[in-house]
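Results of the structural survey
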Amino acid sequence: MEGGAAANVSGDTVLATRGHAVRIRSLLLTAAAVAALTGGTAAASPATDASLVPLVETAAQRVATADQVAAAKWGTDQPIDDPAREQQVLDAMSAKATGMGIDPEVVERIFRDQIEANKLVQHGLHAYWAANPAARPTERPDLGEIRPVIDRLNNELLEHIRDSAPLREHPSCGPRLTGAYLTVGHEMRLDALHGTAVGRALPSVCEARR
């Protein structure tokens, strides 16, 4: 399913959109989708310095690993969709969550979104490479080297989920999540594919409306 040394998510990736205005428009459209999914209107925050940026940054770094995973699987019989492997990841994260005092059901929802976001990029890149032979990867990364990076990001994401619980459960979570998404998207110069994937990784972050 997954694995990966975090690839650079930038306007230079094979699916990078051309022009700053196009990138920002894509981010705004995805942010609107994030806002619709997370819901909520602006409300007083529980702490003025609270931020979801660290959580969103880690989710974006995890999405970035999909570039290397896609390259590792390109031209092989390794499937992008691997339900058995995906369930192993979810079970492992839920078990760690219990030990950290985090609701495992919350963690499973959030990590299911991370997995779907990663696969979105993989499918997008494979479709692009199929249609554009000149853009196909010339080297195949080793999934054995990629997966430890994802494992590290998974652990960081668990810590952010734990530490952000008061904010994620507050009515201000939706607007704050959208703001964090825009901040991270701008700083990491997310292209259309990766920006959409990061948006796909975030719907389960806010718990206030569940």
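Here is what the cut-offs are and how they apply
- Residues numbered from 1 in each chain as written.
- Predicted model: local features only at pLDDT ≥ 70, side-chain atom pairs only at ≥ 80, totals over all residues.
- Heavy atoms only, no water.
- Helix = DSSP H or I, 4+ residues; strand = E, 2+ residues; numbered from the N terminus.
- Buried < 20%, exposed > 50% of the residue type's maximum accessible area, 1.4 Å probe, protein only.
- Contact = heavy atoms within 4.5 Å.
- pLDDT = per-residue confidence, 0-100.
- Disulfide = S-S within 2.5 Å.
- Core = buried A, V, L, I, M, F, W, Y, C linked by side-chain atoms within 4.5 Å.
- Phe/Tyr/Trp six-rings, centres within 6.5 Å; stacked < 30°, edge-to-face > 60°.
- Axes fitted to C-alpha atoms, helices over the stretch in contact; angles between N-to-C directions.
- Parallel < 35°, antiparallel > 145°, perpendicular 65-115°, else oblique.
- Left-handed = near helix turned anticlockwise from the far one by under 90°.
- Nonpolar A, V, L, I, M, F, W, Y, C, P; charged D, E, K, R; others polar.

Here we look at the overall build of the chain
Each helix and strand in the chain was counted, giving 8 helices and 0 strands. Put simply, the chain runs from its N terminus to its C terminus through helices and strands in the order α-α-α-α-α-α-α-α. Considering the chain as a whole, with its 210 residues, one finds that 48% of them fall into the buried category. Nonlocal contacts in the chain, meaning residues at least 24 apart in sequence, comprise 89% of its contacts between residues at least 6 apart.

Brief notes about the confidence of the model for the chain
Averaged over all residues, the pLDDT of the chain equals 83, while 75% of them reach at least 70. Element-level mean pLDDT values for the chain span from 49 in helix α1 (residues 20–38) up to 98 in helix α2 (residues 53–73). Counting contacts from residues 3–28, a segment whose pLDDT is below 50, to residues more than four positions away or on other chains yields 67 contacts. With pLDDT under 50 throughout, residues 40–49 is counted as low confidence; its partners more than four residues away or in other chains account for 18 contacts.

Looking at the state of the cysteines
Scanning the entire structure with this criterion turns up 1 disulfide. A sulfur-sulfur separation of 2.0 Å characterises the disulfide bridge that pairs cysteine 173 with cysteine 206. Taking the sign of the S-S torsion, -85 degrees for the link of cysteine 173 and cysteine 206, the bridge is left-handed. Taken together, the positions of cysteine 173 in helix α7 (residues 173–188) and cysteine 206 in the segment after α8 (192–200) put the pair 33 residues apart, joining distant regions of the chain. Take cysteine 173: its relative accessible area is 0%, and that puts it in the buried class. Classification of cysteine 206 by relative accessible area gives buried; the value is 5%.

Here's the deal with the nonpolar core
The tendency in soluble globular proteins is for nonpolar side chains to be buried as a group. Counting 41 residues, the largest nonpolar core has Val107, Phe111, Ile161, Val198 and Leu202 as its most contacted members. Among the secondary structure elements, those contributing two or more residues to this core are α2, α3 (83–99), α4 (104–131), α5 (143–163), α7 and α8. Excluding residues within four positions of it along the chain, valine 107 makes contact with Met93, Ser94, Ala97, Ile102, Leu158 and Ile161.

What to know about the packing of aromatic side chains
Per the counting criterion, the structure on display carries 1 aromatic pair. Look at tryptophan 74 and tryptophan 129: their rings are 5.6 Å apart centre to centre, the planes differ by 80 degrees, and that puts the pair in the edge-to-face class. In this pair, tryptophan 74 sits in the loop between α2 and α3 while tryptophan 129 sits in helix α4, placing the two residues 55 residues apart along the sequence. Since its relative accessible area comes to 5%, tryptophan 129 is described here as buried.

Points about the packing of α2 against α8
It is at 9 Å that the axes of α2 and α8 come closest, and there the two elements cross at 130 degrees. By the angle class used here, α2 and α8 are oblique. As for how α2 packs across α8, the hand of that crossing is right-handed. Here α2 contributes Val56, Ala60, Val63 and Asp67 to the contact with α8, which in turn contributes His194, Ala197 and Val198. Split by residue class, the contact of α2 with α8 holds 5 nonpolar, 1 polar and 1 charged.

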